[in-house]
Amino acid sequence: MPVRPTEPAPPVPAAHRRGRAAGRRRREGLAGYVFLSPWLIGLLGITAIPMLLSLYLSFTDYSPLIPVTESNWIGLDNYRRMFTADPQYWHAVRVTVTFALVAVPLKLAAALAVAMLLNKTMRGISAFRGLFYLPSLLGGSVAVAIVWRSMFSGDGAVNSFLSLFGIKGEAWVNDPTWALPTLMLLAIWQFGAPMVIFLAGLKQVPVELYEAASVDGASPWRRFAHITLPMLSPVIFFNLVLETIHGFQGFTSAFVLSNGTGGPVDSTLMYTLRLYNAGFVELNMGYASAMAWVFLVVIGTITVVLFSTGRFWVHYSDSEER
Amino acid sequence: MRSKVRLLALIVILAIVLYPLVWMVGTSFKSQQEIASNIGLFPREFTPGNFADGWHKFDFAFGRFFVNSAMVAILTVVGNTLSCLLAAYALGRLKFRGRGVWFAIMIGTLLLPGHVLIIPQYILFRTLGWVGGDWPYLPLLVPHFLATEAFFVFLMVQFMRGIPRELDEAAVIDGASPFGVFRHVVLPLSRPALVTTAIFSFIWTWNDFFRQLVYLSDLKDYTAPVALTLFIDSTSESSVGPMFAMSLLSLVPVFLFFVAFQRLLVEGINTSGLKG
């Protein structure tokens, strides 16, 4: 880390030193708010006020075609419609939950498996690690989603490959059964980011534990179940929270794979895509605001639930070592 | 023996993982007939024409979309590094009334999904007259100049907590004000965190789609990701090669960052949440 030498500040005359402690505290308090001011303005203007505004809008029939002041208060109608009269809404919920429940565990399993393969000192390990990580950097882009869409189309690369074995594949992205798994596969493909975190966690597991277990005749499976998993549980937990929240918010790949429709037959209609369409295509922003608030409450609840179950299975062993 | 099996497994998995990317590169050099007939990774006949076709496919050259993307990304980098640095210094190094509360709120916004705010923000920016118009990028940029990307604030707070307090105290004894400490101690020592923030700001903004899709409605203002979706709309078979060529080009900047800063990218951000 290059460190530039710090220039000494100009010397302070002795007379000014008296009562300096109090003055310093006052100055530091003032400076704190000066430095914090951009963030405070952002918190207020870009986050807090819009949040409250969207809560208000969720009780109105606001549309960008009319001024906010002319929209009508319709009470709980948006919420009622969402829960009882909009089959697409529940469909989007089902798609999103399925996506998160399937893709997140598979992604974490792939990440852990490859991390364990990589957790050995051998040549070229950092090149492997970097290349496995590459999809995580590129995968969220429109460009990769476009490639995915072509690869899994009727005459795409996947089917050409399968035809070598005499298998006639589906038009994956155009098939209501297979479109969502295709989307999941794109998410799982980006297992590099959690893998890197697992790898860092694996490095922290003391080798002596494995040696002792081997001496006691523990099988590789028992060593995995009784040493690796418990020792890694804080990292598994961290990845699980991060990937779950991330999984619920998938938008780009679903948008590109379905060309913005969430199709075929709404099979890839992720919650955020439904929200976008409600707000910016149907221009029903009051309704979309209600969807956004339910989304916020659900994600908050899931986070709280994850954290409260974490107490039962996350094992922090090294508290005294730190 | 076992290490051979391990290596073989890694190579097979890596081949599967990298296949889509390599296939993308190969396909962008294939001619129209070859895309349908040749399933191999590499073109039999090298066809660079896809790049020219894709470049001039729309009313504006694709270069314009790349310039727009680069401008948004670079200004976002400036905004994020500056504003998050200031906020992180206040939250991580200074003592003042209310700091604990503000820090807790900052952590709270860390998990706030951006999709929740997009509609009221859109209404706000539209009311301010920032949506549409000659230069529709203000809604994309202004939030980044106000440190709304809490992740980077958190990253820098964590980093600054690792800078020895004695340095601050020594500077204060020398008569430095909080601004002096910031300028002469914390700023120079925070360079690694600034570099990480800058690189990730660039990559994330370059790849970002949701916000750009919402705010950019005029073809001349499109960024590369938004322009790429136009290829999907034109369903004609002849556009597959050019679509791949432009998709490939749009990944080049991120790939270059990957090559140049591999270690920092792989380690810098992923494990930052674990430390401290």
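Provided above is the structure to which this section pertains.
Residues numbered from 1 in each chain as written. Chains lettered and ligands numbered in written order. Predicted model: local features only at pLDDT ≥ 70, side-chain atom pairs only at ≥ 80, totals over all residues. Heavy atoms only, no water.

A.B. asks: For this particular structure, what's the right way to read the packing of aromatic side chains?
C.D. replies: The description of an aromatic ring pair rests on the distance of the ring centres and on the angle between the ring planes. Counted according to the given criterion, the structure contains 53 aromatic pairs over all chains. Centre to centre, the rings of Phe62(B) and Phe65(B) are 5.1 Å apart; their planes meet at 90°, and the pair counts as edge-to-face. Remark: Phe65(B) and Phe62(B) occur in helix α4 (residues 62-93); sequence separation between them is three residues, near one turn of the helix. The rings of Phe251(A), Phe255(A), Tyr276(A), Phe280(A), Tyr122(B), Phe125(B), Trp130(B), Phe209(B), Phe210(B) and Tyr215(B) are connected pair by pair, giving a single aromatic cluster. A cation over a ring is seen here: Arg81(A) above Tyr287(A), with NZ or CZ 3.8 Å from the ring centre. (Phe/Tyr/Trp six-rings, centres within 6.5 Å; stacked < 30°, edge-to-face > 60°. Helix = DSSP H or I, 4+ residues; strand = E, 2+ residues; numbered from the N terminus. Lys NZ or Arg CZ within 6 Å of the ring centre and 35° of its normal.)

A.B. asks: How should the pattern of salt bridges be read in this particular structure?
C.D. replies: In a structure, side chains of opposite charge can pair up when their charged atoms sit close to one another. Residues and elements named next belong to chain B. Taken as a whole, this structure holds seven salt bridges over all chains when the rule is applied. The partner of Arg93 in a salt bridge is Asp168, and the shortest N-O contact between them spans 2.7 Å. A residue pair is termed long-range when its members are at least 10 positions apart, and Arg93 in helix α4 and Asp168 in helix α9 (residues 165-173) qualify at 75 residues. By relative accessible area, Arg93 is classed as buried at 3%. Among the residues examined, Asp168 registers a relative accessible area of 9% and is labelled buried. A salt bridge links Lys220 to Asp221; the nearest nitrogen and oxygen atoms lie 3.1 Å apart. Judged by its relative accessible area of 23%, Lys220 is partly exposed. The buried category is assigned to Asp221, whose relative accessible area is 5%. (Salt bridge = Lys/Arg side-chain N within 4 Å of Asp/Glu carboxyl O. Buried < 20%, exposed > 50% of the residue type's maximum accessible area, 1.4 Å probe, protein only.)

A.B. asks: Got a minute to help me understand the side chain of Thr47(B) in this structure?
C.D. replies: Residue and element names in this part refer to chain B. Relative to the helices and strands, Thr47 resides in the loop between α2 (32-37) and α3 (49-55). Residue Thr47 is classed as buried on the basis of its relative accessible area, which comes to 19%. Side-chain polar atoms of Thr47 contact the backbone nitrogen of Ser31, separated by 3.3 Å. In this structure Thr47 touches Ser28, Phe29, Lys30 and Ser31, once residues within four positions along its chain are discounted. (Polar contact = N/O pair within 3.5 Å; in protein donor to acceptor, adjacent residues only side chain to side chain. Contact = heavy atoms within 4.5 Å.)

A.B. asks: Just checking my understanding: could you explain the environment of Asp59(B) for this structure?
C.D. replies: Secondary-structure assignment places Asp59(B) in the loop between α3 and α4. When the C-alpha positions of Asp59(B) and Phe152(B) are compared, they lie 38 Å apart, and in sequence the two are 93 residues distant.

A.B. asks: I would appreciate a short explanation of the side chain of Ser58(A) in the present structure.
C.D. replies: Residue and element names in this part refer to chain A. In this structure, Ser58 sits in the loop between α1 (20-57) and α2 (77-85). A residue is classified by how much of its surface remains accessible, and Ser58, at 0% relative accessible area, is buried. Within the structure, the side chain of Ser58 is placed 2.8 Å from the side chain of Tyr79, a separation counted as a polar contact. Not counting residues up to four positions away in its chain, the partners in contact with Ser58 are Gly75, Asn78, Tyr79, Gly286, Ser289 and Ala290.

A.B. asks: For this particular structure, what's the right way to read unusual backbone geometry?
C.D. replies: Among all residues except glycine, the phi angle is most often negative; among peptide bonds, the trans geometry is most common. Residue and element names in this part refer to chain A. One non-glycine residue, Val265, lies in positive phi territory at about 45°. With respect to the helices and strands, the residue Val265 is situated in the loop between α11 (252-257) and α12 (271-281). A relative accessible area of 65% means that Val265 is categorised as exposed. Look at Asp266: it is not a glycine, yet its phi comes out positive at around 60°. Looking at where Asp266 falls in the secondary structure, it is placed in the loop between α11 and α12.

A.B. asks: Can you walk me through empty space enclosed by the protein in this structure?
C.D. replies: Rolled over the atoms, a probe as big as a water molecule pinpoints where empty space is left. According to the stated counting rule, one finds one cavity of 30 Å³ or more in the structure shown. In this model, the largest cavity occupies a volume close to 50 Å³. Contributing to the lining of the largest cavity are Ser141(A), Val142(A), Ala143(A), Trp206(B), Asn207(B), Ala224(B), Pro225(B), Leu228(B) and Ser250(B). For the lining of the largest cavity, the elements supplying multiple residues, two or more each, are α5 (142-151) of chain A together with α11 (191-207) and α13 (224-233) of chain B. Per-element tally for the lining of the largest cavity: the top contributor is α13(B), with three residues. Class assignment for the residues of the lining of the largest cavity results in six nonpolar, three polar and no charged. (1 Å grid on protein atoms, 1.4 Å probe; cavity = no way out; pocket = protein on both sides within 12 Å on 5 of 7 lines; lining within 4 Å. Points joined across faces, edges and corners; volume = space filled by probe spheres on them. Nonpolar A, V, L, I, M, F, W, Y, C, P; charged D, E, K, R; others polar.)

A.B. asks: How should the packing of α4(B) against helix α8 (residues 150-161) of chain B be read in this particular structure?
C.D. replies: Working note: a packed helix pair is described by the angle between its axes plus the distance between those axes. Residues and elements named next belong to chain B. It is at 8 Å that the axes of α4 and α8 come closest, and there the two elements cross at 50°. Between α4 and α8, the crossing angle belongs to the class labelled oblique. Between α4 and α8 lies a crossing whose hand is right-handed. Together, Asn80, Thr81, Cys84, Leu85, Ala87, Ala88, Tyr89, Leu91, Gly92 and Arg93 of α4 and Phe152, Val153, Met156, Val157, Met160 and Arg161 of α8 make up the contact between the two elements. (Axes fitted to C-alpha atoms, helices over the stretch in contact; angles between N-to-C directions. Parallel < 35°, antiparallel > 145°, perpendicular 65-115°, else oblique. Left-handed = near helix turned anticlockwise from the far one by under 90°.)

A.B. asks: What is the right way to read the packing of α5(A) against helix α14 (residues 240-260) of chain B from this model?
C.D. replies: At a minimum axis distance of 9 Å, the contact between α5(A) and α14(B) shows a crossing angle of 145°. Seen from above, α5(A) lies across α14(B) with left-handed handedness. Along the contact surface, α5(A) presents Ala143(A), Val144(A), Ile146(A), Val147(A) and Ser150(A), while α14(B) presents Met243(B), Phe244(B), Ser247(B), Ser250(B) and Leu251(B).

A.B. asks: Looking at this model, I keep getting lost on the interface of chain B and chain A. Mind explaining?
C.D. replies: Bring the parts together and some accessible area is lost; that lost area is often taken as the interface size. Opposite the 97 residues of chain B that make contact, chain A presents 97 residues. Of the roughly 8900 Å² buried where chain B meets chain A, counting both sides, 77% is carbon and sulfur surface. Where chain B meets chain A, there are zero salt bridges. The tally of links from chain B across to chain A stands at nine residue pairs in polar contact (both at pLDDT 80 or more). With 14 residues, the single largest contributor to the side of chain B that touches chain A is helix α1 (residues 2-27) of chain B. (Buried area = accessible area lost by both parts, 1.4 Å probe.)

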